[in-house]
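Here is how the chains run, residue by residue.
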Amino acid sequence: MGKYDFITAELAELKAQGLYNTIRTIGSSVGAWTVVDGKKVLNMCSNNYLGFANEPRMREAAKEGIDRYGVGPAAVRSIAGTMTLHLEFERKLAQFKGVEAAISLQSGFCSNLAAIPTLVGAGHALFTDELNHASIIDGCRLTKAERVIYPHRDVDALRNALAEKKDVPRKLIVTDGVFSMDGDLAPLPGIVEVAEEFAAMVMVDDAHGEGVVGSHGRGIVDHFKLHGRVDLEMGTLSKAFGVVGGYLAGKGEIIEYIRQRARPFLFSSAVTPADVAACMAAVRILEESDAPVRKLWDNARYFKAKMVELGFDIGSSETPITPVMLGEATTAWQFSKELFAEEVFAQAIVFPTVPRGKARIRVMVSAAHTRDDLDLSLAKFATVGRKLGVI
Ligand SMILES: *Cc1c(COP(=O)(O)O)cnc(C)c1O
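All figures in this text were calculated on a predicted structure; none of them were measured in a lab.

**Let's talk about the domain arrangement of the chain**
- With domains assigned, the chain is organised as domain 1 (14–43 + 291–387) and domain 2 (56–288).
- In this structure, domain 1 and domain 2 have C-alpha centres spaced 27 Å apart.
- On the domain 2 side, the residues contacting the 16 residues of domain 1 number 16 residues.
- A per-residue breakdown of the area domain 1 buries against domain 2 is headed by V293, E318 and I321, which together make up 36% of the total.
- Counting every contact that joins domain 1 to domain 2 gives two salt bridges.
- Between E318 and R153 there is a salt bridge, and its shortest N-O distance comes to 3.6 Å.
- Looking at the side of domain 1 that touches domain 2, the elements that each hand over two or more residues are helix 13 (291–310), strand 10 (321–327) and strand 13 (359–364).
- Along the lines of polarity and charge, the residues of the side of domain 1 that touches domain 2 split into nine nonpolar, four polar and three charged.

Here it is in structure tokens:
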């Protein structure tokens, strides 16, 4: 018996089940067309909603950030000081989101890990949608709070669960705003209502909402006009914002508490000046104009309508996320491979990211796509769909 036999066996098992993740290699900036595994292909799966991953004003801002502040923060902010740049960005972001305060963290993933165990612990209760993102699940695992997993988007079940725990002194409801794999929206108005009834806190993960829904892409809280009624928004700067990093935004007192208590803030360095400067530029661009957001939605509506016409099952997304449902993992991987041969890059998404038997290709339409790009990609989906008997 070798020490690593369990790894060898598990990797072989993943391959046998069609669940082995083949990660492709990107050789250029990420745009509508991207160099992948050495060839230029039409990119239909990056989270580059607004085309900001290579936005010229953001590139310039990043360079200026480096010129002024260098390449790294060289510090955990609470131990060796925080740059004015990060503080300016937090103010700017809070203003954009329409909240009292915001705090910048290393990633969206980290932001969930920072918020959840800070807000609840032993003797408290957590209410989490069954389809919440992995980073929320892990955030929940970091607390001793009792965890109640409620059925997807089921406000009545949530209400019952809250009623059962009404005497628990601290209660936190956590939900994705836009569910990342299916593109459906959390019933946030209903959630907020039951939360108010039972004096529970509400935290929403806006990773796929910001830059996408709400006025000028201000996110899910703005979309539902729930300003002041959601306690905490968590966001990422790695999707629509096109950079990397995460944040928490909401009531000033909560953000202050997180600054004092959240472990990813207290024990891990900040994102780099280039990242922050680029994100600052992204917020400025969105404040000035909602044109990128409108283009994204025009493209998404067009693409989704044509996919339905072709006969694909694209689930029940309410956002530009377009899950092309394919069933078995092997079909999804085969579909993705055939598309790539046709110069379209769209990766398969399989278990454990989605449930078994619900493998798919998640198409991410972008504002960077032209109508010609979308038509080309539709033609290739049709070709491969017919070849594999999916349509
Ligand atoms: C991508 C994603 C995250 C993680 O964001 P990163 O900044 O990439 O770490 C968190 N929550 C949801 C719903 C996401 O889709």
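**Some details on empty space enclosed by the protein**
- A complete count under the given rule lists two cavities of 30 Å³ or more for this structure.
- Approximately 60 Å³ is the volume found for the largest cavity.
- In terms of lining residues, the largest cavity is bounded by V30, G31, A32, N43, M44, C45, S46, N48, M364, S366 and H369.
- Class assignment for the residues of the lining of the largest cavity results in five nonpolar, six polar and no charged.
- Size it by volume and the second largest cavity reaches roughly 40 Å³.

**Describing the layout of surface pockets**
- In this structure, the largest pocket encloses a volume near 870 Å³.
- Surrounding the largest pocket, 29 residues form its lining, C45, N47, Q347, I349 and R362 being those nearest its centre.
- Each residue belonging to the lining of the largest pocket can be placed in one class, and the counts come to 14 nonpolar, twelve polar and three charged.
- When we break the lining of the largest pocket down by domain, the ones giving at least three residues each are domain 1 (14–43 + 291–387) and domain 2 (56–288).
- Considering only enclosed or pocket space, the second largest pocket measures out at about 530 Å³ in volume.
- Lining the second largest pocket are 21 residues, with L131, M181, T353, V354 and P355 sitting closest to its centre.
- Secondary structure elements with two or more residues in the lining of the second largest pocket: helix 6 (134–141) and strand 10.

**Looking at the pattern of salt bridges**
- Tallying each qualifying case throughout the model produces 19 salt bridges.
- Linking K165 and E146 is a salt bridge whose minimum nitrogen-to-oxygen distance equals 3.3 Å. Here the residue K165 occupies a position in the loop between helix 7 (155–164) and strand 6 (171–176), and E146 occupies one in strand 5 (residues 146–150), the gap between them amounting to 19 residues.
- We classify K165 as buried; its relative accessible area is 15%.
- Residues D290 and R294 are paired through a salt bridge, measuring 3.0 Å at the closest nitrogen-oxygen approach.
- Owing to a relative accessible area of 24%, D290 belongs among the partly exposed residues under this scheme.
- In this structure, a network of salt bridges that share partners links the residues K97, D206, E210 and E233.

**Here's the deal with the packing of helix 2 (residues 56–69) against helix 12 (residues 273–288)**
- Helix 12 packs onto helix 2 with a crossing angle of 140 degrees between their chain directions and a minimal axis gap of 7 Å. The angle between helix 2 and helix 12 places the two elements in the oblique class. When the axes of helix 2 and helix 12 are compared, the crossing they make is right-handed. Counting all contacts with helix 2, which are made through R57, M58, A61, A62, G65, I66 and Y69, the residues of helix 12 involved are P273, A274, A277, A278, A281, A282, I285 and E288.
- The residue makeup of the contact of helix 2 with helix 12, split by class, is twelve nonpolar, one polar and two charged.

**Section: the site of the ligand**
- In the vicinity of the ligand, 15 residues are found, and the nearest of them are G108, F109, D205, T236 and K239.
- Residue S238 places a side-chain N or O atom 3.1 Å away from an oxygen atom belonging to the ligand.
- K239 places a side-chain nitrogen or oxygen 2.6 Å from an oxygen atom of the ligand.
- Contact with the protein chains removes 86% of the 380 Å² of surface that the ligand exposes when unbound.
- Secondary structure elements with two or more residues in the shell around the ligand: helix 5 (108–119) and strand 8 (232–236).
- Of the residues in the shell around the ligand, the class split is three nonpolar, nine polar and three charged.

**A few points about the packing of helix 14 (residues 329–341) against helix 15 (residues 371–387)**
- Orientation of helix 14 relative to helix 15, taken along the N-to-C sense of each, is 135 degrees, at an axis distance of 10 Å. As judged from the angle between their axes, helix 14 and helix 15 are oblique. In terms of crossing hand, the pair formed by helix 14 and helix 15 is right-handed. For the pair formed by helix 14 and helix 15, the contact residues are F335, E338 and L339 on the first element and K380, F381, V384, G385 and K387 on the second.

**With respect to the nonpolar core**
- In this structure, F127, I173 and L188 are the most contacted members of the largest nonpolar core, which totals 66 residues.
- If you tally residues by element for this core, the top one is helix 12, at ten residues.
- Summarising the domain contributions, this core has at least three residues from each of domain 1 (14–43 + 291–387) and domain 2 (56–288).
- When neighbours within four sequence positions are excluded, I173 is seen to be in contact with F127, Y150, L158, L162, I191, A195, A200, M201, V202 and M203.
- Core analysis: the second largest hydrophobic core is formed by 27 residues, Y302, V324, A329 and A346 among them.

Rules used in this analysis
- Residues numbered from 1 in each chain as written.
- Predicted model: local features only at pLDDT ≥ 70, side-chain atom pairs only at ≥ 80, totals over all residues.
- Heavy atoms only, no water.
- Domains from an automatic or database assignment.
- Contact = heavy atoms within 4.5 Å.
- Buried area = accessible area lost by both parts, 1.4 Å probe.
- Salt bridge = Lys/Arg side-chain N within 4 Å of Asp/Glu carboxyl O.
- Helix = DSSP H or I, 4+ residues; strand = E, 2+ residues; numbered from the N terminus.
- Nonpolar A, V, L, I, M, F, W, Y, C, P; charged D, E, K, R; others polar.
- 1 Å grid on protein atoms, 1.4 Å probe; cavity = no way out; pocket = protein on both sides within 12 Å on 5 of 7 lines; lining within 4 Å.
- Points joined across faces, edges and corners; volume = space filled by probe spheres on them.
- Buried < 20%, exposed > 50% of the residue type's maximum accessible area, 1.4 Å probe, protein only.
- Axes fitted to C-alpha atoms, helices over the stretch in contact; angles between N-to-C directions.
- Parallel < 35°, antiparallel > 145°, perpendicular 65-115°, else oblique.
- Left-handed = near helix turned anticlockwise from the far one by under 90°.
- Near = heavy atom within 4 Å.
- Polar contact = N/O pair within 3.5 Å; in protein donor to acceptor, adjacent residues only side chain to side chain.
- Areas by Shrake-Rupley, 256 points an atom, 1.4 Å probe, with all protein chains shown as cover.
- Core = buried A, V, L, I, M, F, W, Y, C linked by side-chain atoms within 4.5 Å.

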